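# Geometric and topological summary
Residue-level listing of the chains:
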Amino acid sequence: MPPSTPSSNQHSIGSSFSFGPQYLVDSYLDGNLSTVSNPLDPNRRAKESTGRQHPLANDTTDIFQESDDDAEDEDEYEWGMVDRMRLWRHDALMQHLYETAAFWGDKIVSWTNDPNDAFWLAQTYFMTHQYSRAERLLTRPFSTTLSKRPSSPPPANGHLFMSAKGKGREQDPLPPLTSLPRLPMGPGAMIEVPEEDQERVSRLVDMSVACRYLAAQCQVRQGNWTEATEMLGEANPFRDSGRSGPAIPNVDGGIKVEASMCHLRGILMLKLNRGDQAKQCFMEALALDVKCYDAFDQLVTGEMMTPDEEWEFVQGLAYTQQTPQDAEFVQLIYTCRLRKYKHASEHALTRKRLVDEYGLGDNPDVLYSFADALYANFRWADCFVITSRILGLVSIHNSTMPLHIACMYHLSHLHSKLFILAHEMVDREPENPISWYAVGVWYLSGGKWPQARQYFSKTSLMDPRFGPAWIAFAHTFALEGEHDHAVTAYSTCARMFTGSHLPLMFVGMENIMLSNYALADEALNAANSMCDGDPLLVNEMGVMAFNHGEFQQATELFRKALDLAQVTQSSQKAWATTYLNLGTCYRKLRRLTEAKETYQKVLELDSRHSVALGFLGLVYHLLGQTDLAIVKYHEALSIDPINPHVLELLNMALEANITKMPSQQELSQMLKVLKEKYHRAGETEYKGKDKAPRDVPLDVGADGDEMNLG
């Protein structure tokens, strides 16, 4: 890349000192009046080199302007010491020798005082986590008067340098690199610049949007949220400039710096607990550039939008205008990452096209889409097979790990493997919040609620936006029977993840347990307004209708839940409870035949479902089939021997059988059987003591054919 000179735009000390967004807007608009491209244009990228110098002599991105004089002089350009050191700096960065890059880059900046070299030195500091050092370099006073970037250090004591070709011709002495007096440094350095030098001094953050963006990144890494917000502005300064918007593609097809700044602004809004503003920033970043996956990931993984909002927003992005050749693929790969409560057929077609047309059948992100769909349908064993495949391809896939761990929790035979996985993750990646989440889930699987809660709390402290840890933390209270604490924890989760209906649904479920039906209705209706395609939520609404005595409405809701489960092809066994609820509604409506069929459906799914056996016995009891009822009661008690309700029903059935008056035909048959029995007993020869057989009543005569009927 050809060398570049600093910006030719001159700014007064009053304008360059501003940190607010208005300065960027004014400079952006003023730049349209110049014949050169404005350095504050967020979509500006480097011009390609046509010179003869080595392509790695300079870094591949030049964030500052080039002058026409430099372009004319490229053909006569010869390598010097500075160019060689720029090559060293580039190779050191590519080979992750950051200290080497910083060492030689620092010497380059001292010789050239070039803003472009200073920017790459700041990048090197950023990569080595020296954020304060990088920020100081980007915000200190910088000379803007150099006309050329020298290829060699300044001459020493008037001595001449030999040319690279070994010729002994003399070179014109280079102008002194310090044409300005020594500039003041420190936080207030710009204020201390002498008035006569103010026109020739500026900061890198005032000369380039890329520098301003990097400085804001440094401030974010240091936890200076307010200063970073001032650096970026609380709103996009380029929004109404006329040269910014979703329909305007980047000039070189790369990612717009403007979109990256919007994404960083969203991160800052999250740090400042401004969730709604963060959501708007991420949406703006993704709308400006559909290639900005970080913004998409924040919106989807952080569940900032409802499923319907997600679908409409992602499908309505300007793919064709921004990436004409790749628009279809980008749309498909984003669609497969959306939540799976609705649009089941569209999701299936999307995955099929990604596999068949784009050959991504073994890509972890596409496989994750399959696993996510299976998990949403409660098909944990199938989901575990796919997540295991993903983790075989990559050791840790952040999106997949929560699904993989949850499947191991639901499948009891995998609890030992969950223990091993948690230990391996903690040993391998102790700084990853998912490692400690796995430890918490293992304790949860063993019923150790306090220990599980401790590790879920640690996970949420390490990553406050990790939703599964917040939900699991609240689950520990619910499973322990601390429903009031569970409601509080779920409510906190609902405030953080405003696009997810799950926390509100769990709040409703806990209020049902507490018999707070008014609050339960409110929470469930709010969850339903966000996502009306979740069969589990519809089941809970049916439970509330049943509690209100609205059995017909409850029946309709339970049938709707089962229909939704059929659409999503979920595991039938997972919905045995909903079938049980539906059968109970039929029984309440005196539709006993339908109730019997529904309970039998439950037993087809789970033959040892003690509650279904007891309810089926109750239906037989109500139908007058006492013998069948007694059989079912006994089967239920064989599974749950101390169920007091079934025991009481069994006693009632037995008493009903005893007190029931037999018909004349039944009585005659009973007498006939007894006579034959006693006749055979009387013919038996006794041995030993003279005692009657134990099975012959005392009031039977010697000939055995007389019986006192009382």
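Residues numbered from 1 in each chain as written. Predicted model: local features only at pLDDT ≥ 70, side-chain atom pairs only at ≥ 80, totals over all residues. Heavy atoms only, no water.

This part takes up the overall build of the protein chain. Within the protein chain, the regular secondary structure consists of 34 helices and two strands. Looking at the protein chain as a whole, 47% of its 710 residues are labelled buried. By sequence separation, contacts in the protein chain at least 24 residues apart represent 61% of the contacts at least 6 residues apart. In the form shown here, the protein chain has an accessible surface area of approximately 35,700 Å², with 53% of it arising from carbon and sulfur atoms. (Helix = DSSP H or I, 4+ residues; strand = E, 2+ residues; numbered from the N terminus. Buried < 20%, exposed > 50% of the residue type's maximum accessible area, 1.4 Å probe, protein only. Contact = heavy atoms within 4.5 Å. Areas by Shrake-Rupley, 256 points an atom, 1.4 Å probe, with all protein chains shown as cover.)

Within soluble globular proteins, side chains that are nonpolar generally end up buried alongside one another. Ranked by internal contacts, the top residues of the largest apolar core, which has 69 residues, are Leu-138, Phe-282, Leu-286, Leu-299, Phe-313, Tyr-319 and Tyr-334. The biggest single contributor to this core is helix α10 (residues 257-271), with nine residues. Residues Leu-580, Val-602, Val-619 and Ile-630 belong to the second largest nonpolar core, which totals 56 residues. (Core = buried A, V, L, I, M, F, W, Y, C linked by side-chain atoms within 4.5 Å.)

Looking now at the side chain of Gln-219. With respect to the secondary-structure elements, Gln-219 resides in helix α8 (residues 209-221). Residue contacts for Gln-219: discarding those within four places in its chain leaves Glu-135, Asn-224, Glu-227, Ala-228 and Met-231.

Take unusual backbone geometry next. At Asn-113, a position not held by glycine, the phi torsion is positive, near 55°. You can see Asn-113 is positioned in the loop between α5 (98-112) and α6 (115-127). The exposure class of Asn-113 is buried, given its relative accessible area of 16%.

Moving on: the packing of helix α27 (residues 535-547) against helix α29 (residues 576-588). Between α27 and α29, the least distance of the axes is 11 Å, while the angle of their chain directions is 25°. Our classification of the angle between α27 and α29 gives roughly parallel. Our pair here, α27 against α29, has a crossing hand that is left-handed. Of α29, the residues touching α27 (which contributes Asn-539, Val-543 and Phe-546) are Thr-578, Asn-581, Thr-584, Cys-585 and Lys-588. Taken together, the residues of the contact of α27 with α29 break down into three nonpolar, four polar and one charged. (Axes fitted to C-alpha atoms, helices over the stretch in contact; angles between N-to-C directions. Parallel < 35°, antiparallel > 145°, perpendicular 65-115°, else oblique. Left-handed = near helix turned anticlockwise from the far one by under 90°. Nonpolar A, V, L, I, M, F, W, Y, C, P; charged D, E, K, R; others polar.)

Two side chains carrying opposite charge are able to pair once their charged atoms lie near each other. Under the counting rule described, the total for this entry stands at 24 salt bridges. As a salt-bridge pair, Asp-356 and Lys-352 come within 2.8 Å of each other at their nearest N and O atoms. Remark: Lys-352 and Asp-356 occur in helix α16 (residues 344-356); sequence separation between them is four residues, near one turn of the helix. By sharing partners, the salt bridges in this structure join Asp-83, Arg-86, Arg-89 and Asp-117 into a single network. (Salt bridge = Lys/Arg side-chain N within 4 Å of Asp/Glu carboxyl O.)

It is worth spelling out the environment of Glu-135 at this point. By secondary structure assignment, the location of Glu-135 is in helix α7 (residues 131-139). Exposure remark for Glu-135: the relative accessible area of 17% places this residue in the buried category. Residues Glu-135 and Gln-219, spaced 84 residues apart in sequence, show a C-alpha to C-alpha distance of 7.3 Å. Those residues within four positions of Glu-135 in sequence are excluded, and the remaining contacts are Cys-218, Gln-219 and Gln-222. Within the structure, the side chain of Glu-135 is placed 3.0 Å from the side chain of Gln-219, a separation counted as a polar contact. (Polar contact = N/O pair within 3.5 Å; in protein donor to acceptor, adjacent residues only side chain to side chain.)

Taken as a whole and assessed by the stated rule, the structure comprises 20 aromatic pairs. Their ring planes at 10° and their centres at 4.2 Å tell us that Phe-296 and Tyr-334 sit as a pair that is stacked. Of this pair, Phe-296 sits in helix α12 (residues 293-301) while Tyr-334 sits in helix α15 (residues 327-335), and the two are 38 residues apart along the sequence. Here Phe-296 matches Tyr-334 in class, with each residue buried. Measuring from ring centre to ring centre gives 6.0 Å for Trp-436 and Tyr-455, while their planes differ by 0°; the resulting arrangement is stacked. Remark: Tyr-455 occurs in helix α22 (residues 449-462) and Trp-436 occurs in helix α21 (residues 433-445); sequence separation between them is 19 residues. An identical accessibility class is assigned to Trp-436 and Tyr-455; each is buried. Here the aromatic residues Phe-419, Trp-436, Trp-442, Tyr-443 and Tyr-455 are joined through ring pairs into a cluster of three or more. Taking the ring centre of Phe-477 as reference, the NZ or CZ of Arg-453 above it sits at 4.3 Å. (Phe/Tyr/Trp six-rings, centres within 6.5 Å; stacked < 30°, edge-to-face > 60°. Lys NZ or Arg CZ within 6 Å of the ring centre and 35° of its normal.)

On to the confidence of the model for the protein chain, then. Counting all residues, the mean pLDDT for the protein chain is 79, and 75% of those residues have values of 70 or more. The low-confidence segment residues 154-193, where pLDDT is below 50, has 58 contacts with residues more than four positions distant or belonging to other chains. Across residues 685-710 the pLDDT falls below 50, and counting only partners more than four positions away or on other chains, this stretch makes 19 contacts in the model. (pLDDT = per-residue confidence, 0-100.)

This part is about the side chain of Lys-279. For Lys-279, the position within the fold is in helix α11 (residues 275-288). With relative accessibility at 18%, the residue Lys-279 sits in the buried group. Of the polar contacts made by the side chain of Lys-279, one reaches the side chain of Glu-309; its length is 3.5 Å. Once residues lying within four places of it in the same chain are set aside, the contact partners of Lys-279 are Leu-299, Met-304, Met-305 and Glu-309.

This part takes up helix α18 (residues 380-393). Relative to the 20 Å expected for 14 residues at 1.5 Å per residue, α18 spans 20 Å between its end C-alpha atoms, a close match to the ideal helical length. All of the buried residues in α18 are Cys-383, Phe-384, Ile-386, Thr-387, Ile-390 and Leu-391. Turning to α18, the residues buried within the fold contact α17 (364-376) and α19 (401-410). (Expected span 1.5 Å × (residues − 1).)

Where helix α25 (residues 502-513) contacts helix α26 (residues 517-530), the axes come no closer than 8 Å and their chain directions differ by 160°. For the element pair α25 / α26, the angle class is roughly antiparallel. The way α25 lies across α26 gives a crossing that is left-handed. Seen from α25, the contacting residues are Leu-504, Met-505, Val-507, Gly-508, Asn-511 and Ile-512; seen from α26, they are Tyr-517, Leu-519, Ala-520, Ala-523, Leu-524, Ala-526, Ala-527 and Met-530. Tallied by class, residues from the contact of α25 with α26 come to 12 nonpolar, two polar and no charged.

To continue, consider the environment of Thr-387. Assignment of secondary structure puts Thr-387 in helix α18. Given a relative accessible area of 0%, Thr-387 falls into the buried group. Taking C-alpha positions, Thr-387 is 7.1 Å from Tyr-368, a pair spaced 19 residues apart along the chain. Non-local contacts of Thr-387, meaning those with residues more than four positions away in its chain, are made with Ala-371, Thr-400, Leu-403 and His-404.

Turning to helix α30 (residues 592-605), a few remarks are in order. Here α30 contains 14 residues, and its C-alpha end-to-end distance of 20 Å stays within 8% of the 20 Å for a straight helix at 1.5 Å per residue. Among the residues making up α30, those that are buried are Leu-592, Ala-595, Thr-598, Tyr-599, Val-602 and Leu-603. In a view along the axis of α30, the buried residues occupy a sector of 145°, so they form one face of it. Against the buried residues of α30 lie α29 and α31 (610-622). (Arc of directions from axis to C-beta.)

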